[in-house]
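This is what each chain is made of:
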Amino acid sequence: MSTRKKHYLWHVAEGTTADFVFLLLTRHKMPVIFCSCLVRRFGNPQASLVFRSLNRTLACCRRYYRSEIPKQAWYFAHLIVPLHIMTLYRTLLTILLAAIFTACTEHGDFERRLAVADSLMTHELPDSAYRMLCGMDAEAEEVSEPLRMRHLLLRSNAQNKAYVDFTSDSIGCLLVDYYTAHGTPNERMLAHYIKGCAYRDMGDQPASLRCYNDAVAAADTSRADCNYDQLSIIYGQIADIFDRRAMPDNALQAYEYAERYAWMAKDTINVFTFWGNKSDALIDQGKIQEALHIKEAAAEGFRNMGYPQKAARVLGLCIKWYAQQGEFDKAKVTMDEYENHSGYFL
């Protein structure tokens, strides 16, 4: 017997079929015996079902499995199927192509739905995004690790935006560990932020503040794709902690950063929100007039953008200060606006 026949190797250029073998065995857990049974059942005519565009199918596979394929695939190619069983080769190739093409299609659909959920959060619909992502939990167990972790990151972000409290830091720790090794600066920033939000919901403000600072440190503001909107939100959370701890100087400094990055993100809603919150720290410093001026500017900004509810809510604390300064007419107008538009009164 020639040396060629002694080797267990598929004779196919550049290990293309070996890629399919590796993906099938490692991702879909389909044993070779099962493939052999299918071959005996359907026979050689199934080879005619090979897809017309092999390159397109292979590109789809490599898109989702990237650099994991070549090294391991060639190892399996040398161990599994003898060269001289050509009938088995042709039929098994058909089965492998069908299985991998189906898997890639499913992964593509999963990734598209992740993009839809992310878009829902961008359009201020976190409740819908959270329900959608929770409904994908079972499917997330069957996809590649990058997609599975992306799903977990988006689901946790949607949970936070939907005001569903975290009860543990386990998911936050998992996200931080993964994205520290594999993620982009934006992903690392978001992972640390989610971990901080978990500690916030658990009542651990010092741990929450540490995580927020780690999130700020993970951001790369020199990159064109830096998520300035997320960075502004993180600084807003930092400012809120200082505000709650009666540390107005630190709070105002954090609000300045929050406002700066909100402007860079062109997020004027957050800018006006930070103005309203910043005025509370100014009141703690005794700067009543300056605080009232900023709240009025924030309310006017919300009205101009078509958000009367936000405008009414930001003015809530002003009623007391108007009354204390003897501006009763202004206090009455503000009180009416607050009662009619804040949404707190049925």
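**Q** Quick question: what am I supposed to make of the overall build of the chain here?
**A** The helix and strand tally for the chain stands at 19 helices and zero strands. Within the chain, counting contacts between residues at least 6 apart in sequence, those at least 24 apart form 64% of the total. Accessible surface for the chain amounts to roughly 19,000 Å². Of this, 54% is attributable to carbon and sulfur atoms.

**Q** How do you make sense of the confidence of the model for the chain when you look at a structure like this?
**A** Any residue range with low pLDDT should be treated as having predicted coordinates unsuitable for detailed reading. On average, the chain scores 76 in pLDDT, and the residues at 70 or more come to 68%. When mean pLDDT is taken per element in the chain, helix H11 (residues 185-201) scores highest with 97 and helix H1 (residues 3-6) scores lowest with 37. A low-confidence stretch, residues 1-106 (pLDDT under 50), is modelled with 125 contacts involving residues beyond four sequence positions or located in other chains.

**Q** I'm lost on the packing of H11 against helix H12 (residues 205-218) in this one. Help?
**A** Geometrically, a packed helix pair is captured by the angle between its two axes and the distance between the axes. Following both chains from N to C, one finds H11 and H12 inclined at 170°, their axes separated by 8 Å at the closest point. As the angle between them shows, H11 and H12 are arranged roughly antiparallel. Here H11 contributes Pro185, Arg188, Met189, His192, Tyr193, Lys195, Gly196, Cys197, Tyr199 and Arg200 to the contact with H12, which in turn contributes Ala207, Ser208, Cys211, Tyr212, Asp214, Ala215 and Ala218. Partitioned by chemical class, the residues of the contact of H11 with H12 number ten nonpolar, three polar and four charged.

**Q** Mind showing me how you'd approach the environment of Asp229 here?
**A** Within the element layout of this structure, Asp229 appears in helix H13 (residues 228-244). Judged by its relative accessible area of 27%, Asp229 is partly exposed. The residues touching Asp229, leaving out its near neighbours within four places in the chain, are Ala265, Asp267 and Asn270.

**Q** What is the right way to read the pattern of salt bridges from this model?
**A** Between side chains of opposite charge, a pair can form as their charged atoms come close. Evaluated as defined, the whole model comprises 14 salt bridges. Salt-bridge contacts for Arg303 lead to Glu337; the nearest nitrogen and oxygen are separated by 3.1 Å. Taken together, the positions of Arg303 in helix H16 (residues 288-305) and Glu337 in helix H19 (residues 328-341) put the pair 34 residues apart, joining distant regions of the chain. Judged by relative accessible area, which is 34%, Arg303 ranks as partly exposed.

**Q** What's the story with helix H7 (residues 126-134) in this structure? I'm lost.
**A** One turn of an α-helix holds 3.6 residues; hence residues three or four places apart share an orientation. Every buried residue belonging to H7 is among Pro126, Ala129, Tyr130 and Leu133, and all of these are buried. Down the axis of H7, the smallest arc covering the buried residues is 100°, so these residues share one side.

**Q** Sorry, what's going on with unusual backbone geometry here?
**A** Among all residues except glycine, the phi angle is most often negative; among peptide bonds, the trans geometry is most common. Positive phi is not limited to glycine here, since Ala246 has a value of about 55°. You can see Ala246 is positioned in the loop between H13 and helix H14 (248-264). Exposure remark for Ala246: the relative accessible area of 59% places this residue in the exposed category. Look at Lys266: it is not a glycine, yet its phi comes out positive at around 60°. As for its placement among the helices and strands, Lys266 is situated in the loop between H14 and helix H15 (268-284). In this structure Lys266 comes out as exposed when scored by relative accessible area, which is 73%.

**Q** Would you mind going over the nonpolar core with me for this structure?
**A** A general trend in soluble globular proteins is that nonpolar side chains are found buried together. Core analysis: the biggest nonpolar cluster contains 58 residues, and Leu175, Ile234 and Ile238 have the highest contact counts within it. When residues of this core are assigned to their parent elements, the largest contribution, eight residues, is made by H13. Those residues in contact with Ile238 that lie beyond four places of it in its chain are Leu209, Tyr212, Asn213, Val216 and Ala254. Listed in part, the 13 residues of the second largest apolar core include Ala129, Tyr130, Leu133 and Ala158.

**Q** In this structure, what is going on with the packing of H7 against helix H9 (residues 145-161)? I would like to understand it.
**A** Interaxial distance between H7 and H9 falls to 8 Å at its minimum, and their mutual angle equals 145°. Once H7 is placed against H9, the crossing between them reads as left-handed. Seen from H7, the contacting residues are Pro126, Ala129, Tyr130, Leu133 and Cys134; seen from H9, they are His151, Leu154, Arg155, Ala158, Gln159 and Lys161. Classifying every residue of the contact of H7 with H9 gives seven nonpolar, two polar and two charged.

Cut-offs used in this document
Residues numbered from 1 in each chain as written. Predicted model: local features only at pLDDT ≥ 70, side-chain atom pairs only at ≥ 80, totals over all residues. Heavy atoms only, no water. Helix = DSSP H or I, 4+ residues; strand = E, 2+ residues; numbered from the N terminus. Contact = heavy atoms within 4.5 Å. Areas by Shrake-Rupley, 256 points an atom, 1.4 Å probe, with all protein chains shown as cover. pLDDT = per-residue confidence, 0-100. Axes fitted to C-alpha atoms, helices over the stretch in contact; angles between N-to-C directions. Parallel < 35°, antiparallel > 145°, perpendicular 65-115°, else oblique. Nonpolar A, V, L, I, M, F, W, Y, C, P; charged D, E, K, R; others polar. Buried < 20%, exposed > 50% of the residue type's maximum accessible area, 1.4 Å probe, protein only. Salt bridge = Lys/Arg side-chain N within 4 Å of Asp/Glu carboxyl O. Arc of directions from axis to C-beta. Core = buried A, V, L, I, M, F, W, Y, C linked by side-chain atoms within 4.5 Å. Left-handed = near helix turned anticlockwise from the far one by under 90°.

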